[in-house]
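Next come the chains, spelled out residue by residue.
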Amino acid sequence: MALAPQENERILDMCCAPGGKTSYIAQLMKNTGMILANDSNAERLRSVVGNLHRLGVTNAVVSNCDGRQFPKVLGGFDRVLLDAPCSGTGVISKDPAVKTNKDEKDILRCAHLQKELILSAIDSVNAASETGGYIVYCTCSIMVEENEWVVDYALKKRNVRLVATGLDFGKEGFTRFKDRRFHPSLKSTRRFYPHTHNMDGFFIAKFKKFSNAIPQAQKGNLVLQKPPQPALKKRRSLQAQRRPLKAGRPSPKMMRPQVPTKKKHRVKLNGQ
């Protein structure tokens, strides 16, 4: 529903298995255009092929590629749906083992993978598309590290902006969480909770790409750290010993205060 596919479009389902989303997209497109159903797990693609044949989908192409390398394989899509692999904290009611077999490292590992996938999904979309140029990012997780954190990262790295998802239910995404601050436009994202909406925990964000150019990191923001002061003084003193004295500059000996010396008296011998 958030992707809102149109007829005769080129759409990429980057993580398609087991095929429920792909078949529903084909239904909304009325078997026109082209859908590229991709998944990195070849074993799970068997269920995708079986569902597409069972439902009579004829406008889908199944591929087995790593989503992080996808722009190098094929690009220029009108819309991309990225249902990213996540920790699954939103489906604990179906799989209670998530409460015990996931820790903080697993969450951060999923977040790193999701950041790579969302940049790849954005690069696969053509910003000059007449009807599209949209990317939908969603997870079945309620963790901020896998949702708002990833979306805010994509806003900083690519020329995209968040738009309304078109869903009239769900709660707004977080713009601040503990000590983290996110872009104010994250209010347009949607969160779904099992205890509130009687469904699995879910998160949806919809991007609009407005330029195919990739912004470069600004080097002017780098702050150079100064060396410690004692080491700096020591280095300057060594350089001062090696450099010749300039003309008109008093030497260190001349700058020292002169101590008056006592005159020596000669002893006269034989009356001389």
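Just so it is clear, the model here is predicted, and its values are computed rather than measured.

J.: Quick one: what's the story with the pairing of strand E2 (residues 34-38), residue by residue and with numbers?
T.: Burial runs high along E2: four of the five residues are buried. One ladder, built from four bridges, connects strand E1 (residues 10-13) with E2; its direction is parallel. By the bridge assignment, leucine 12 is partnered in E2 with leucine 36. In terms of strand pairing, E2 meets strand E3 (residues 60-63) through four bridges, oriented parallel. Bridge assignment links isoleucine 35 to a residue of E3, and that residue is alanine 60. Note that the unit made of E2, helix H2 (residues 45-55) and E3 has a crossover that is right-handed.

J.: Quick rundown of a nonpolar patch on the surface? Include the residues and the values.
T.: Together, Met1, Tyr24, Leu28, Phe169 and Met199 make up an exposed nonpolar region whose accessible area comes to about 480 Å². Among the secondary structure elements, tyrosine 24 is positioned in helix H1 (residues 20-28). Look at tyrosine 24 and you get partly exposed, because its relative accessible area is 39%.

J.: Account for helix H6 (residues 148-157), naming residues and giving values.
T.: Residues of H6 that are buried include every one of Glu148, Val150, Val151, Asp152, Ala154 and Leu155, and no others. On its buried face, H6 sits against helix H5 (104-123), strand E5 (134-139), strand E6 (160-163), strand E10 (190-192) and strand E11 (202-209).

J.: Quick one: what's the story with the pattern of salt bridges, residue by residue and with numbers?
T.: Under the defined criterion, the tally for this structure stands at twelve salt bridges. Residues lysine 21 and aspartate 83 are paired through a salt bridge, measuring 3.6 Å at the closest nitrogen-oxygen approach. You can see lysine 21 sitting in helix H1 and its partner aspartate 83 sitting in strand E4 (residues 79-83), a full 62 residues away along the chain. The network of salt bridges with shared partners includes Asp66, Arg68 and Glu116.

J.: Talk me through the packing of aromatic side chains; I want residue IDs and the actual numbers.
T.: Taken as a whole, this structure holds three aromatic pairs when the rule is applied. Measuring from centroid to centroid gives 6.5 Å for phenylalanine 70 and phenylalanine 77, while their planes differ by 45°, and the two rings are tilted. Since its relative accessible area comes to 1%, phenylalanine 70 is described here as buried. The class of phenylalanine 77 is buried, set by a relative accessible area of 0%. For the ring pair phenylalanine 174 and phenylalanine 177, a centre distance of 5.9 Å and an interplane angle of 15° mean the geometry is stacked. Of note, arginine 10 hangs over the ring of phenylalanine 77, and the distance from its end group to the ring centre comes to 4.9 Å. A cation over an aromatic ring shows up here: arginine 180 above the ring of tryptophan 149, its NZ or CZ 4.3 Å from the ring centre.

J.: I'd like to hear about the side chain of lysine 209, residue by residue, with values.
T.: With respect to the element layout, lysine 209 can be found in strand E11. This buried residue, lysine 209, is left without a salt bridge; aspartate 123 holds the nearest opposite charge, at 4.7 Å. A distance of 2.8 Å separates a polar atom in the side chain of lysine 209 from the backbone oxygen of isoleucine 122. Apart from the residues lying within four places of it in its own chain, the contact partners of lysine 209 are Ile122, Asp123, Val125, Ala127, Gly133, Ile135, Asn159 and Val160.

Here is what the cut-offs are and how they apply
Residues numbered from 1 in each chain as written. Predicted model: local features only at pLDDT ≥ 70, side-chain atom pairs only at ≥ 80, totals over all residues. Heavy atoms only, no water. Buried < 20%, exposed > 50% of the residue type's maximum accessible area, 1.4 Å probe, protein only. Helix = DSSP H or I, 4+ residues; strand = E, 2+ residues; numbered from the N terminus. Pairing = 2+ DSSP bridges. Right-handed = clockwise from strand over helix to strand, strands pointing away. Patch = residues over 30% accessible without salt bridge, like charges linked within 9 Å, V, L, I, M, F, W, Y side chains within 5 Å. Areas by Shrake-Rupley, 256 points an atom, 1.4 Å probe, with all protein chains shown as cover. Salt bridge = Lys/Arg side-chain N within 4 Å of Asp/Glu carboxyl O. Contact = heavy atoms within 4.5 Å. Phe/Tyr/Trp six-rings, centres within 6.5 Å; stacked < 30°, edge-to-face > 60°. Lys NZ or Arg CZ within 6 Å of the ring centre and 35° of its normal. Lys, Arg positive; Asp, Glu negative; His and termini not counted. Polar contact = N/O pair within 3.5 Å; in protein donor to acceptor, adjacent residues only side chain to side chain.

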